[in-house]
Amino acid sequence: MYDLLDFRQIQLRQREYLLKISRLLASNLDLVSVLQIILHGAVDLTKGNVGLIALVESDGQLHIRASYGVPEKTLPAFQPLLELWPTRSDTEQLAPPGLEEKLQEVAAQTGLSLTQVVAVPLISDEQLLGVIYVLRGGALQFLANTNQLMASFADQAAIAVRNARLYEALVRENVQLEGIIDGIADGVMILDTKWHIMRMNRALSALTGWAPAEAVGHSCGAVLHLQSSRGHDFCADREPPVLTKKHYVEGDIIRDGYPRRSVAVMFAPLFDQQGQLLNILVDVNDITRFREAEAMQSTFISVISHELKTPVALIKGYADTLRREDVTWDAETVRESLAIIDDEADRLTHLIDDLLDASRLQAGGLQLELQRVHIPALAQRAVEGFRLQTQAHQFVLDFPSSLPDAWADEQRVHQILDNLLSNAIKYSPDGGTIRVGGWANDYEVTTYVADQGIGIPKPEQEMLFRRFYRVDSSLRRETPGAGLGLYLSQALVEAQGGHIWVHSKPGEGSTFFFTLPLAEQRSHHER
Ligand code: ADP
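Residues numbered from 1 in each chain as written. Predicted model: local features only at pLDDT ≥ 70, side-chain atom pairs only at ≥ 80, totals over all residues. Heavy atoms only, no water.

**Quick notes on the site of the ligand**
Okay, so step 1: In the region of the ligand, 19 residues are neighbours, and Asn423, Tyr427, Asp451, Arg470 and Leu486 sit closest.
Okay, so step 2: A distance of 3.0 Å is found between an oxygen atom of the ligand and a side-chain nitrogen or oxygen belonging to lysine 426.
Okay, so step 3: Taken by itself the ligand offers 530 Å² of open surface, and the protein chains cover 97% of this.
Okay, so step 4: When residues of the shell around the ligand are traced back to their parent elements, those giving at least two are helix H12 (410–426), helix H15 (485–495) and strand E17 (509–517).
Okay, so step 5: Split by residue class, the shell around the ligand holds 10 nonpolar, 6 polar and 3 charged. (Near = heavy atom within 4 Å. Polar contact = N/O pair within 3.5 Å; in protein donor to acceptor, adjacent residues only side chain to side chain. Areas by Shrake-Rupley, 256 points an atom, 1.4 Å probe, with all protein chains shown as cover. Helix = DSSP H or I, 4+ residues; strand = E, 2+ residues; numbered from the N terminus. Nonpolar A, V, L, I, M, F, W, Y, C, P; charged D, E, K, R; others polar.)

**Examining the packing of helix H11 (residues 375–387) against H12**
Okay, so step 1: Interhelical geometry of H11 versus H12 gives an angle of 45° and a closest axis separation of 10 Å. It follows that H11 is oblique to H12 by the angle criterion. When the axes of H11 and H12 are compared, the crossing they make is right-handed. For the pair H11 and H12, contact is made by Ile375, Leu378, Ala379, Arg381, Ala382, Val383 and Phe386 and by Glu410, Val413, His414, Leu417, Asp418, Leu421, Ser422 and Ile425, respectively.
Okay, so step 2: Looking at side-chain class alone, the contact of H11 with H12 contains 10 nonpolar, 2 polar and 3 charged residues. (Axes fitted to C-alpha atoms, helices over the stretch in contact; angles between N-to-C directions. Parallel < 35°, antiparallel > 145°, perpendicular 65-115°, else oblique. Left-handed = near helix turned anticlockwise from the far one by under 90°. Contact = heavy atoms within 4.5 Å.)

**Here we look at the packing of helix H2 (residues 31–45) against helix H5 (residues 146–183)**
Okay, so step 1: It is at 10 Å that the axes of H2 and H5 come closest, and there the two elements cross at 180°. Judged by the inter-axis angle, H2 sits roughly antiparallel to H5. Along the contact surface, H2 presents Leu31, Val34, Leu35, Ile38, Gly41, Ala42 and Leu45, while H5 presents Leu149, Met150, Phe153, Gln156, Ala157, Ala160, Val161 and Ala164.
Okay, so step 2: Classifying every residue of the contact of H2 with H5 gives 13 nonpolar, 2 polar and no charged.

**As for the packing of aromatic side chains**
The geometry of two aromatic rings is summed up by the distance between their centres and the angle between their planes.
Okay, so step 1: Under the definition given, this model contains 9 aromatic pairs.
Okay, so step 2: With a centroid separation of 5.8 Å and an interplanar angle of 50°, the aromatic rings of tryptophan 195 and phenylalanine 267 are classed as tilted. On the criterion of sequence distance, the pair formed by tryptophan 195 in the loop between strand E5 (187–191) and strand E6 (197–200) and phenylalanine 267 in strand E9 (residues 261–271) is long-range, its members being 72 residues apart.
Okay, so step 3: Residue classification places phenylalanine 267 among the buried positions, given a relative accessible area of 0%. (Phe/Tyr/Trp six-rings, centres within 6.5 Å; stacked < 30°, edge-to-face > 60°. Buried < 20%, exposed > 50% of the residue type's maximum accessible area, 1.4 Å probe, protein only.)

**A closer look at H12**
Okay, so step 1: For H12, built from 17 residues, the straight-helix expectation of 24 Å at 1.5 Å per residue is met to within 8% by its first-to-last C-alpha distance of 24 Å.
Okay, so step 2: Among all positions of H12, only Arg412, Val413, Gln415, Ile416, Leu417, Asn419, Leu420, Leu421, Asn423, Ala424 and Ile425 are buried.
Okay, so step 3: The opening residue of H12 is aspartate 409, an N-cap whose side-chain oxygen sits 3.1 Å from the backbone nitrogen of glutamine 411. (Expected span 1.5 Å × (residues − 1).)

**Structural notes on the pairing of strand E3 (residues 116–124)**
Okay, so step 1: Of all 9 residues in E3, 9 are buried; the element is thus mostly enclosed.
Okay, so step 2: Because side chains alternate across E3, one face comprises the buried residues Gln116, Val118, Val120, Leu122 and Ser124, and the other comprises Val117, Ala119, Pro121 and Ile123, equally buried.
Okay, so step 3: Two strands pair when backbone bridges link them, and E3 and strand E4 (residues 127–136) are joined in this way by 9 bridges, in the antiparallel orientation. Counted as the bridge partner of valine 120 is isoleucine 132 from E4.
Okay, so step 4: Turn length for the E3-E4 hairpin, with the two strands adjacent in sequence and antiparallel, is 2 residues, and the turn residue aspartate 125 shows positive phi of about 50°. (Pairing = 2+ DSSP bridges.)

The following block contains the structure:
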(Lines give C-alpha, C1' and ligand atoms only; values in the text may rest on other atoms or scores of the structure.)
Protein backbone atom coordinates (compact mmCIF):
# COMPACT_ATOMS: atom_id res chain seq x y z
CA MET A 1 0.00 0.00 0.00
CA TYR A 2 1.13 3.57 -0.70
CA ASP A 3 1.49 5.85 2.26
CA LEU A 4 0.68 9.55 2.47
CA LEU A 5 4.19 10.58 1.56
CA ASP A 6 3.93 8.49 -1.56
CA PHE A 7 0.67 10.19 -2.39
CA ARG A 8 2.18 13.68 -2.04
CA GLN A 9 5.12 12.66 -4.17
CA ILE A 10 2.80 11.34 -6.82
CA GLN A 11 0.89 14.61 -6.88
CA LEU A 12 4.12 16.55 -7.21
CA ARG A 13 5.40 14.38 -10.01
CA GLN A 14 2.05 14.51 -11.73
CA ARG A 15 2.32 18.28 -11.77
CA GLU A 16 5.85 18.05 -13.12
CA TYR A 17 4.72 15.71 -15.86
CA LEU A 18 1.75 17.83 -16.81
CA LEU A 19 3.91 20.94 -16.94
CA LYS A 20 6.43 19.20 -19.16
CA ILE A 21 3.66 17.90 -21.39
CA SER A 22 2.00 21.27 -21.77
CA ARG A 23 5.37 22.74 -22.78
CA LEU A 24 5.77 19.95 -25.31
CA LEU A 25 2.33 20.65 -26.68
CA ALA A 26 3.39 24.20 -27.44
CA SER A 27 6.49 23.01 -29.27
CA ASN A 28 6.38 21.48 -32.71
CA LEU A 29 6.99 17.89 -31.68
CA ASP A 30 5.09 15.31 -33.72
CA LEU A 31 1.97 13.74 -32.27
CA VAL A 32 3.37 10.26 -31.65
CA SER A 33 6.32 11.63 -29.67
CA VAL A 34 4.00 13.72 -27.48
CA LEU A 35 1.70 10.73 -26.94
CA GLN A 36 4.71 8.61 -26.01
CA ILE A 37 5.71 11.04 -23.28
CA ILE A 38 2.15 11.34 -21.96
CA LEU A 39 1.94 7.57 -21.83
CA HIS A 40 5.23 7.33 -20.02
CA GLY A 41 3.94 9.72 -17.37
CA ALA A 42 0.68 7.86 -16.99
CA VAL A 43 2.32 4.44 -16.60
CA ASP A 44 4.95 5.79 -14.26
CA LEU A 45 2.55 7.54 -11.90
CA THR A 46 -0.02 4.77 -11.77
CA LYS A 47 2.77 2.22 -11.24
CA GLY A 48 1.61 0.27 -14.23
CA ASN A 49 3.77 -1.95 -16.41
CA VAL A 50 2.41 -1.42 -19.87
CA GLY A 51 0.70 1.54 -21.54
CA LEU A 52 -1.09 2.01 -24.86
CA ILE A 53 -2.74 4.92 -26.60
CA ALA A 54 -5.13 4.01 -29.39
CA LEU A 55 -6.70 6.67 -31.61
CA VAL A 56 -9.88 6.65 -33.63
CA GLU A 57 -8.66 6.86 -37.21
CA SER A 58 -10.47 7.78 -40.40
CA ASP A 59 -11.94 4.23 -40.66
CA GLY A 60 -13.77 4.89 -37.38
CA GLN A 61 -11.78 2.17 -35.57
CA LEU A 62 -9.25 2.35 -32.73
CA HIS A 63 -5.62 1.86 -33.75
CA ILE A 64 -2.61 1.74 -31.41
CA ARG A 65 -0.50 4.85 -32.02
CA ALA A 66 1.80 4.79 -28.94
CA SER A 67 2.94 2.07 -26.61
CA TYR A 68 5.10 1.77 -23.52
CA GLY A 69 6.68 -1.24 -21.83
CA VAL A 70 6.02 -3.85 -24.56
CA PRO A 71 7.92 -4.74 -27.70
CA GLU A 72 6.32 -3.40 -30.87
CA LYS A 73 5.76 -6.82 -32.41
CA THR A 74 3.45 -7.92 -29.57
CA LEU A 75 1.11 -4.97 -30.21
CA PRO A 76 -1.31 -6.89 -32.49
CA ALA A 77 -2.00 -9.22 -29.56
CA PHE A 78 -3.57 -6.28 -27.70
CA GLN A 79 -6.29 -5.99 -30.31
CA PRO A 80 -9.05 -7.53 -28.08
CA LEU A 81 -8.75 -4.54 -25.73
CA LEU A 82 -9.59 -2.18 -28.56
CA GLU A 83 -12.92 -3.85 -29.11
CA LEU A 84 -14.48 -2.43 -25.96
CA TRP A 85 -14.86 1.29 -26.04
CA PRO A 86 -14.96 3.11 -22.75
CA THR A 87 -17.21 6.12 -22.39
CA ARG A 88 -16.72 9.06 -20.13
CA SER A 89 -18.90 7.51 -17.42
CA ASP A 90 -16.56 4.52 -17.35
CA THR A 91 -13.81 6.68 -15.89
CA GLU A 92 -15.61 6.29 -12.56
CA GLN A 93 -15.04 2.59 -12.68
CA LEU A 94 -11.70 2.76 -14.52
CA ALA A 95 -12.72 0.60 -17.43
CA PRO A 96 -15.78 -0.63 -19.29
CA PRO A 97 -17.23 -3.89 -18.08
CA GLY A 98 -15.79 -6.91 -19.82
CA LEU A 99 -12.36 -5.41 -20.23
CA GLU A 100 -10.87 -7.70 -17.59
CA GLU A 101 -11.84 -10.75 -19.69
CA LYS A 102 -10.32 -9.16 -22.75
CA LEU A 103 -7.16 -8.66 -20.72
CA GLN A 104 -7.01 -12.38 -20.02
CA GLU A 105 -7.11 -13.05 -23.75
CA VAL A 106 -4.24 -10.62 -24.25
CA ALA A 107 -2.22 -12.14 -21.40
CA ALA A 108 -2.69 -15.60 -22.87
CA GLN A 109 -1.62 -14.46 -26.33
CA THR A 110 1.38 -12.45 -25.28
CA GLY A 111 2.49 -14.67 -22.44
CA LEU A 112 2.78 -11.58 -20.21
CA SER A 113 1.35 -11.79 -16.72
CA LEU A 114 -1.08 -8.88 -16.93
CA THR A 115 -3.86 -8.87 -14.38
CA GLN A 116 -5.40 -5.39 -14.32
CA VAL A 117 -6.31 -2.73 -16.83
CA VAL A 118 -7.48 0.89 -16.69
CA ALA A 119 -8.93 2.48 -19.83
CA VAL A 120 -9.80 6.16 -20.05
CA PRO A 121 -11.31 7.84 -23.11
CA LEU A 122 -9.70 10.84 -24.80
CA ILE A 123 -12.56 13.21 -25.36
CA SER A 124 -12.69 16.59 -27.04
CA ASP A 125 -15.85 18.48 -27.99
CA GLU A 126 -17.98 15.49 -26.91
CA GLN A 127 -16.14 13.37 -29.40
CA LEU A 128 -14.16 10.22 -28.66
CA LEU A 129 -10.66 10.73 -30.10
CA GLY A 130 -9.05 7.65 -28.58
CA VAL A 131 -8.35 5.63 -25.44
CA ILE A 132 -5.44 5.53 -23.08
CA TYR A 133 -4.80 2.14 -21.41
CA VAL A 134 -2.54 1.26 -18.50
CA LEU A 135 -2.02 -2.40 -17.66
CA ARG A 136 -0.25 -4.08 -14.78
CA GLY A 137 0.56 -7.46 -13.38
CA GLY A 138 0.78 -8.82 -9.84
CA ALA A 139 -1.72 -8.80 -7.02
CA LEU A 140 -1.63 -5.12 -6.06
CA GLN A 141 -4.72 -3.09 -6.97
CA PHE A 142 -4.60 0.29 -8.74
CA LEU A 143 -4.90 3.16 -6.30
CA ALA A 144 -8.24 4.83 -5.84
CA ASN A 145 -7.02 8.08 -7.35
CA THR A 146 -5.76 6.33 -10.49
CA ASN A 147 -8.76 7.31 -12.55
CA GLN A 148 -8.28 10.94 -11.61
CA LEU A 149 -4.60 10.75 -12.53
CA MET A 150 -5.40 9.03 -15.79
CA ALA A 151 -8.09 11.55 -16.61
CA SER A 152 -5.61 14.40 -16.44
CA PHE A 153 -3.25 12.53 -18.77
CA ALA A 154 -6.16 11.68 -21.03
CA ASP A 155 -7.07 15.37 -21.20
CA GLN A 156 -3.54 16.28 -22.21
CA ALA A 157 -3.51 13.55 -24.81
CA ALA A 158 -6.86 14.75 -26.15
CA ILE A 159 -5.45 18.27 -26.53
CA ALA A 160 -2.38 16.90 -28.30
CA VAL A 161 -4.51 14.85 -30.70
CA ARG A 162 -6.86 17.73 -31.35
CA ASN A 163 -4.00 20.13 -32.03
CA ALA A 164 -2.36 17.63 -34.34
CA ARG A 165 -5.60 17.02 -36.21
CA LEU A 166 -6.25 20.74 -36.61
CA TYR A 167 -2.69 21.24 -37.74
CA GLU A 168 -2.98 18.38 -40.23
CA ALA A 169 -6.20 19.87 -41.60
CA LEU A 170 -4.56 23.26 -41.81
CA VAL A 171 -1.55 21.85 -43.65
CA ARG A 172 -3.86 19.96 -45.98
CA GLU A 173 -5.89 23.06 -46.71
CA ASN A 174 -2.75 25.06 -47.17
CA VAL A 175 -1.36 22.54 -49.63
CA GLN A 176 -4.66 22.60 -51.47
CA LEU A 177 -4.70 26.38 -51.56
CA GLU A 178 -1.08 26.45 -52.69
CA GLY A 179 -1.94 23.96 -55.43
CA ILE A 180 -4.90 26.02 -56.56
CA ILE A 181 -2.94 29.27 -56.59
CA ASP A 182 -0.03 27.66 -58.41
CA GLY A 183 -2.29 25.90 -60.87
CA ILE A 184 -4.06 29.09 -61.92
CA ALA A 185 -2.96 30.22 -65.36
CA ASP A 186 -3.17 33.87 -64.32
CA GLY A 187 -0.38 35.43 -62.31
CA VAL A 188 -1.53 35.71 -58.69
CA MET A 189 -0.03 37.31 -55.61
CA ILE A 190 -1.35 37.82 -52.13
CA LEU A 191 -0.28 41.00 -50.36
CA ASP A 192 -0.38 41.97 -46.70
CA THR A 193 -1.94 45.24 -45.58
CA LYS A 194 1.39 47.02 -46.16
CA TRP A 195 1.30 45.86 -49.80
CA HIS A 196 4.18 43.45 -49.28
CA ILE A 197 4.10 40.11 -51.04
CA MET A 198 3.15 37.13 -48.90
CA ARG A 199 2.71 34.63 -51.67
CA MET A 200 3.13 34.56 -55.41
CA ASN A 201 2.43 31.85 -57.98
CA ARG A 202 4.50 30.42 -60.81
CA ALA A 203 2.59 32.16 -63.59
CA LEU A 204 3.41 35.54 -62.07
CA SER A 205 6.98 34.44 -61.59
CA ALA A 206 7.20 33.69 -65.32
CA LEU A 207 5.76 37.11 -66.13
CA THR A 208 7.94 39.13 -63.78
CA GLY A 209 11.11 37.04 -63.65
CA TRP A 210 10.99 36.96 -59.82
CA ALA A 211 11.26 33.57 -58.14
CA PRO A 212 8.28 33.23 -55.76
CA ALA A 213 10.52 32.68 -52.73
CA GLU A 214 12.59 35.76 -53.60
CA ALA A 215 9.57 37.95 -54.12
CA VAL A 216 8.09 37.25 -50.68
CA GLY A 217 8.59 40.26 -48.41
CA HIS A 218 9.19 42.69 -51.25
CA SER A 219 6.77 45.48 -51.98
CA CYS A 220 4.30 44.82 -54.75
CA GLY A 221 5.75 47.68 -56.83
CA ALA A 222 9.25 46.18 -56.74
CA VAL A 223 8.02 43.00 -58.38
CA LEU A 224 5.17 44.16 -60.59
CA HIS A 225 6.32 47.20 -62.44
CA LEU A 226 3.69 48.33 -64.95
CA GLN A 227 4.66 50.66 -67.78
CA SER A 228 2.27 52.90 -69.67
CA SER A 229 -0.53 51.85 -67.36
CA ARG A 230 -4.09 52.70 -68.21
CA GLY A 231 -5.82 53.27 -64.89
CA HIS A 232 -4.44 53.58 -61.35
CA ASP A 233 -1.57 51.15 -60.72
CA PHE A 234 -1.77 50.83 -56.94
CA CYS A 235 1.55 48.97 -56.77
CA ALA A 236 3.29 52.12 -58.00
CA ASP A 237 2.06 54.21 -55.02
CA ARG A 238 4.78 55.33 -52.61
CA GLU A 239 2.66 54.90 -49.49
CA PRO A 240 0.62 51.72 -49.05
CA PRO A 241 -2.64 52.80 -50.68
CA VAL A 242 -6.09 52.37 -49.22
CA LEU A 243 -8.15 50.02 -51.33
CA THR A 244 -11.84 49.74 -50.51
CA LYS A 245 -13.11 47.92 -53.56
CA LYS A 246 -11.90 45.97 -56.58
CA HIS A 247 -9.82 47.90 -59.04
CA TYR A 248 -8.82 47.12 -62.64
CA VAL A 249 -5.78 48.43 -64.50
CA GLU A 250 -3.98 47.54 -67.72
CA GLY A 251 -0.32 48.05 -68.55
CA ASP A 252 2.84 46.48 -69.90
CA ILE A 253 5.57 44.48 -68.24
CA ILE A 254 8.88 45.31 -69.90
CA ARG A 255 11.99 43.29 -69.07
CA ASP A 256 15.39 43.44 -70.70
CA GLY A 257 15.81 40.69 -73.23
CA TYR A 258 12.14 39.61 -73.12
CA PRO A 259 9.25 40.55 -75.33
CA ARG A 260 6.83 43.05 -73.84
CA ARG A 261 3.83 41.49 -72.07
CA SER A 262 0.55 43.36 -71.87
CA VAL A 263 -1.36 42.57 -68.72
CA ALA A 264 -4.70 43.29 -67.09
CA VAL A 265 -4.40 43.55 -63.31
CA MET A 266 -7.25 43.20 -60.82
CA PHE A 267 -6.65 44.32 -57.23
CA ALA A 268 -9.17 42.82 -54.83
CA PRO A 269 -9.19 43.67 -51.10
CA LEU A 270 -10.11 40.81 -48.72
CA PHE A 271 -11.81 41.82 -45.48
CA ASP A 272 -12.45 39.87 -42.25
CA GLN A 273 -15.88 39.63 -40.65
CA GLN A 274 -15.35 42.91 -38.83
CA GLY A 275 -14.57 44.66 -42.11
CA GLN A 276 -10.85 44.94 -41.39
CA LEU A 277 -8.54 44.66 -44.40
CA LEU A 278 -6.78 41.27 -44.25
CA ASN A 279 -5.03 40.91 -47.59
CA ILE A 280 -5.02 42.18 -51.12
CA LEU A 281 -5.37 39.65 -53.89
CA VAL A 282 -3.71 40.66 -57.15
CA ASP A 283 -4.63 38.82 -60.32
CA VAL A 284 -2.43 39.48 -63.34
CA ASN A 285 -3.87 38.31 -66.64
CA ASP A 286 -1.58 38.16 -69.68
CA ILE A 287 -3.51 39.86 -72.48
CA THR A 288 -0.59 40.13 -74.91
CA ARG A 289 -2.24 37.90 -77.51
CA PHE A 290 -5.45 39.81 -77.25
CA ARG A 291 -3.58 43.09 -77.73
CA GLU A 292 -1.62 41.63 -80.63
CA ALA A 293 -4.85 40.49 -82.22
CA GLU A 294 -6.24 43.98 -81.72
CA ALA A 295 -3.12 45.54 -83.26
CA MET A 296 -3.22 42.97 -86.06
CA GLN A 297 -6.81 43.81 -86.78
CA SER A 298 -6.12 47.51 -87.07
CA THR A 299 -3.02 46.85 -89.20
CA PHE A 300 -5.13 44.53 -91.30
CA ILE A 301 -7.72 47.18 -91.88
CA SER A 302 -5.23 49.91 -92.71
CA VAL A 303 -3.03 47.72 -94.92
CA ILE A 304 -5.90 46.13 -96.74
CA SER A 305 -7.76 49.33 -97.28
CA HIS A 306 -4.58 50.94 -98.60
CA GLU A 307 -3.71 47.96 -100.78
CA LEU A 308 -7.24 47.69 -102.14
CA LYS A 309 -7.76 51.37 -102.58
CA THR A 310 -4.70 51.99 -104.74
CA PRO A 311 -5.55 49.60 -107.58
CA VAL A 312 -9.25 50.40 -107.39
CA ALA A 313 -8.49 54.12 -107.65
CA LEU A 314 -6.24 53.51 -110.64
CA ILE A 315 -8.76 51.29 -112.41
CA LYS A 316 -11.53 53.77 -111.72
CA GLY A 317 -9.40 56.72 -112.85
CA TYR A 318 -8.34 55.15 -116.13
CA ALA A 319 -11.79 53.74 -116.86
CA ASP A 320 -13.37 57.18 -116.24
CA THR A 321 -10.84 58.85 -118.48
CA LEU A 322 -11.35 56.38 -121.29
CA ARG A 323 -15.12 56.80 -121.09
CA ARG A 324 -15.05 60.55 -121.57
CA GLU A 325 -16.93 61.42 -124.69
CA ASP A 326 -15.47 64.88 -125.12
CA VAL A 327 -12.01 63.51 -125.88
CA THR A 328 -10.88 61.07 -128.53
CA TRP A 329 -7.95 58.98 -127.38
CA ASP A 330 -5.29 57.73 -129.72
CA ALA A 331 -4.85 53.99 -129.94
CA GLU A 332 -1.53 54.06 -127.99
CA THR A 333 -3.06 55.85 -124.97
CA VAL A 334 -6.03 53.50 -124.95
CA ARG A 335 -3.70 50.48 -125.05
CA GLU A 336 -1.53 51.82 -122.22
CA SER A 337 -4.55 52.71 -120.08
CA LEU A 338 -6.09 49.27 -120.61
CA ALA A 339 -2.73 47.65 -119.75
CA ILE A 340 -2.69 49.55 -116.47
CA ILE A 341 -6.27 48.54 -115.72
CA ASP A 342 -5.34 44.96 -116.53
CA ASP A 343 -2.25 45.04 -114.27
CA GLU A 344 -4.12 46.60 -111.39
CA ALA A 345 -6.94 44.08 -111.72
CA ASP A 346 -4.25 41.36 -111.55
CA ARG A 347 -2.84 42.97 -108.43
CA LEU A 348 -6.27 42.96 -106.85
CA THR A 349 -6.84 39.33 -107.77
CA HIS A 350 -3.47 38.46 -106.33
CA LEU A 351 -4.18 40.24 -103.08
CA ILE A 352 -7.61 38.63 -102.78
CA ASP A 353 -6.05 35.21 -103.43
CA ASP A 354 -3.45 35.86 -100.75
CA LEU A 355 -6.11 36.90 -98.27
CA LEU A 356 -8.15 33.80 -99.03
CA ASP A 357 -5.05 31.62 -98.62
CA ALA A 358 -4.23 33.31 -95.34
CA SER A 359 -7.68 32.70 -93.95
CA ARG A 360 -7.69 29.10 -95.23
CA LEU A 361 -4.35 28.53 -93.55
CA GLN A 362 -5.67 29.95 -90.34
CA ALA A 363 -8.71 27.70 -90.50
CA GLY A 364 -6.48 24.71 -91.31
CA GLY A 365 -8.28 24.12 -94.60
CA LEU A 366 -5.38 24.32 -97.04
CA GLN A 367 -5.31 21.37 -99.47
CA LEU A 368 -1.98 20.26 -100.92
CA GLU A 369 -1.40 18.12 -104.00
CA LEU A 370 1.91 16.47 -103.31
CA GLN A 371 3.90 15.04 -106.21
CA ARG A 372 7.45 14.88 -107.61
CA VAL A 373 8.68 18.39 -108.39
CA HIS A 374 11.84 19.20 -110.30
CA ILE A 375 12.80 22.50 -108.67
CA PRO A 376 15.29 23.77 -111.34
CA ALA A 377 12.62 23.53 -114.08
CA LEU A 378 10.06 25.22 -111.88
CA ALA A 379 12.52 27.99 -110.92
CA GLN A 380 13.28 28.50 -114.61
CA ARG A 381 9.59 29.03 -115.36
CA ALA A 382 9.14 31.36 -112.39
CA VAL A 383 12.13 33.47 -113.43
CA GLU A 384 10.86 33.72 -117.03
CA GLY A 385 7.66 35.24 -115.70
CA PHE A 386 9.67 38.09 -114.12
CA ARG A 387 12.29 38.70 -116.78
CA LEU A 388 9.95 40.87 -118.83
CA GLN A 389 9.00 42.98 -115.81
CA THR A 390 12.44 44.43 -115.16
CA GLN A 391 15.42 45.61 -117.09
CA ALA A 392 17.46 46.57 -114.06
CA HIS A 393 17.87 43.02 -112.76
CA GLN A 394 19.75 40.05 -114.14
CA PHE A 395 18.58 36.57 -113.26
CA VAL A 396 21.00 33.70 -112.75
CA LEU A 397 19.97 30.09 -112.20
CA ASP A 398 22.46 28.08 -110.17
CA PHE A 399 21.39 24.46 -109.63
CA PRO A 400 23.58 21.33 -109.82
CA SER A 401 22.90 19.33 -112.97
CA SER A 402 21.34 16.37 -111.19
CA LEU A 403 19.24 17.78 -108.40
CA PRO A 404 16.90 15.09 -107.05
CA ASP A 405 13.16 15.81 -107.13
CA ALA A 406 11.33 17.29 -104.18
CA TRP A 407 8.03 15.94 -102.85
CA ALA A 408 5.81 18.99 -102.92
CA ASP A 409 2.79 20.80 -104.35
CA GLU A 410 4.11 22.27 -107.60
CA GLN A 411 1.68 25.16 -107.77
CA ARG A 412 2.41 26.15 -104.17
CA VAL A 413 6.17 26.01 -104.70
CA HIS A 414 5.66 28.22 -107.75
CA GLN A 415 3.74 30.63 -105.52
CA ILE A 416 6.60 30.67 -102.97
CA LEU A 417 9.18 31.34 -105.71
CA ASP A 418 6.98 34.12 -107.12
CA ASN A 419 6.76 35.76 -103.71
CA LEU A 420 10.51 35.58 -103.13
CA LEU A 421 11.33 36.76 -106.66
CA SER A 422 8.91 39.69 -106.54
CA ASN A 423 10.36 40.74 -103.16
CA ALA A 424 13.89 40.40 -104.54
CA ILE A 425 12.94 42.82 -107.31
CA LYS A 426 10.87 45.17 -105.12
CA TYR A 427 13.56 45.48 -102.46
CA SER A 428 16.54 45.98 -104.79
CA PRO A 429 15.51 49.24 -106.43
CA ASP A 430 18.97 49.80 -107.86
CA GLY A 431 18.88 46.50 -109.72
CA GLY A 432 21.59 43.86 -109.54
CA THR A 433 21.80 40.13 -109.89
CA ILE A 434 19.06 37.89 -108.58
CA ARG A 435 20.38 34.37 -108.16
CA VAL A 436 18.12 31.34 -107.76
CA GLY A 437 19.80 28.09 -106.88
CA GLY A 438 19.83 25.08 -104.62
CA TRP A 439 21.31 21.81 -103.48
CA ALA A 440 20.18 18.58 -101.85
CA ASN A 441 21.30 16.34 -99.01
CA ASP A 442 20.00 12.92 -97.96
CA TYR A 443 16.56 14.13 -96.97
CA GLU A 444 15.76 17.51 -98.43
CA VAL A 445 16.21 20.00 -101.26
CA THR A 446 17.19 23.51 -100.30
CA THR A 447 16.30 26.37 -102.67
CA TYR A 448 17.45 29.96 -102.33
CA VAL A 449 16.66 33.33 -103.88
CA ALA A 450 19.45 35.89 -103.40
CA ASP A 451 19.35 39.59 -104.22
CA GLN A 452 21.73 42.55 -103.93
CA GLY A 453 19.10 44.88 -102.56
CA ILE A 454 18.57 46.99 -99.45
CA GLY A 455 18.84 44.07 -97.03
CA ILE A 456 17.02 43.65 -93.72
CA PRO A 457 18.24 44.78 -90.29
CA LYS A 458 18.92 41.86 -87.93
CA PRO A 459 16.14 42.58 -85.40
CA GLU A 460 13.54 42.60 -88.16
CA GLN A 461 14.62 39.35 -89.73
CA GLU A 462 12.53 37.11 -87.50
CA MET A 463 9.46 39.29 -87.71
CA LEU A 464 9.25 39.27 -91.51
CA PHE A 465 7.31 36.04 -91.53
CA ARG A 466 4.50 37.45 -89.40
CA ARG A 467 1.22 38.38 -90.95
CA PHE A 468 1.09 41.96 -92.25
CA TYR A 469 4.61 42.63 -91.07
CA ARG A 470 6.54 45.14 -93.18
CA VAL A 471 9.93 46.62 -92.34
CA ASP A 472 9.52 50.33 -91.87
CA SER A 473 11.59 52.20 -94.45
CA SER A 474 11.01 54.90 -97.02
CA LEU A 475 11.23 52.24 -99.73
CA ARG A 476 8.58 50.17 -98.01
CA ARG A 477 6.24 53.13 -97.87
CA GLU A 478 6.54 53.56 -101.63
CA THR A 479 6.40 49.85 -102.38
CA PRO A 480 3.03 48.21 -102.58
CA GLY A 481 2.56 45.11 -100.46
CA ALA A 482 0.33 43.87 -97.68
CA GLY A 483 3.00 42.05 -95.71
CA LEU A 484 1.37 38.75 -96.52
CA GLY A 485 3.87 37.26 -98.97
CA LEU A 486 6.41 35.92 -96.51
CA TYR A 487 3.77 34.87 -94.01
CA LEU A 488 2.10 32.78 -96.71
CA SER A 489 5.43 31.48 -98.01
CA GLN A 490 6.40 30.28 -94.56
CA ALA A 491 3.03 28.64 -93.97
CA LEU A 492 3.20 26.92 -97.37
CA VAL A 493 6.76 25.70 -96.86
CA GLU A 494 5.92 24.35 -93.41
CA ALA A 495 2.75 22.66 -94.65
CA GLN A 496 4.95 20.76 -97.11
CA GLY A 497 7.32 19.66 -94.36
CA GLY A 498 10.09 22.21 -94.86
CA HIS A 499 11.28 25.42 -93.27
CA ILE A 500 12.22 28.89 -94.46
CA TRP A 501 14.79 31.41 -93.22
CA VAL A 502 16.74 34.44 -94.31
CA HIS A 503 20.35 35.65 -94.30
CA SER A 504 20.69 39.34 -94.89
CA LYS A 505 22.96 42.31 -94.43
CA PRO A 506 21.56 45.81 -94.75
CA GLY A 507 23.02 47.46 -97.82
CA GLU A 508 24.33 44.21 -99.29
CA GLY A 509 21.30 42.11 -100.01
CA SER A 510 19.17 39.26 -98.73
CA THR A 511 19.02 35.54 -99.39
CA PHE A 512 15.90 33.57 -98.58
CA PHE A 513 16.26 29.79 -98.22
CA PHE A 514 13.58 27.14 -98.01
CA THR A 515 13.68 23.36 -97.82
CA LEU A 516 11.35 20.65 -99.15
CA PRO A 517 11.52 16.91 -98.49
CA LEU A 518 13.13 14.65 -101.11
CA ALA A 519 10.72 12.71 -103.31
CA GLU A 520 12.70 9.48 -103.06
CA GLN A 521 12.87 9.53 -99.35
CA ARG A 522 9.21 10.44 -99.07
CA SER A 523 7.89 7.78 -101.47
CA HIS A 524 10.15 5.22 -99.79
CA HIS A 525 8.67 6.25 -96.49
CA GLU A 526 5.14 5.89 -97.81
CA ARG A 527 5.68 2.42 -99.13
P1 ADP B 1 5.28 42.81 -98.65
O2 ADP B 1 6.39 42.64 -99.63
O3 ADP B 1 3.93 42.72 -99.24
O4 ADP B 1 5.46 43.98 -97.74
P5 ADP B 1 6.24 40.31 -97.50
O6 ADP B 1 5.63 39.45 -96.46
O7 ADP B 1 6.57 39.68 -98.79
O8 ADP B 1 5.29 41.55 -97.66
O9 ADP B 1 7.55 40.93 -96.88
C10 ADP B 1 7.53 41.51 -95.62
C11 ADP B 1 8.58 42.58 -95.48
O12 ADP B 1 9.87 41.98 -95.53
C13 ADP B 1 8.59 43.57 -96.60
O14 ADP B 1 7.71 44.65 -96.34
C15 ADP B 1 10.03 44.03 -96.62
O16 ADP B 1 10.21 45.07 -95.69
C17 ADP B 1 10.80 42.83 -96.14
N18 ADP B 1 11.43 42.07 -97.25
C19 ADP B 1 10.94 40.98 -97.87
N20 ADP B 1 11.77 40.52 -98.82
C21 ADP B 1 12.83 41.36 -98.81
C22 ADP B 1 14.06 41.43 -99.56
N23 ADP B 1 14.35 40.54 -100.53
N24 ADP B 1 14.91 42.42 -99.25
C25 ADP B 1 14.63 43.32 -98.30
N26 ADP B 1 13.50 43.30 -97.55
C27 ADP B 1 12.61 42.34 -97.79
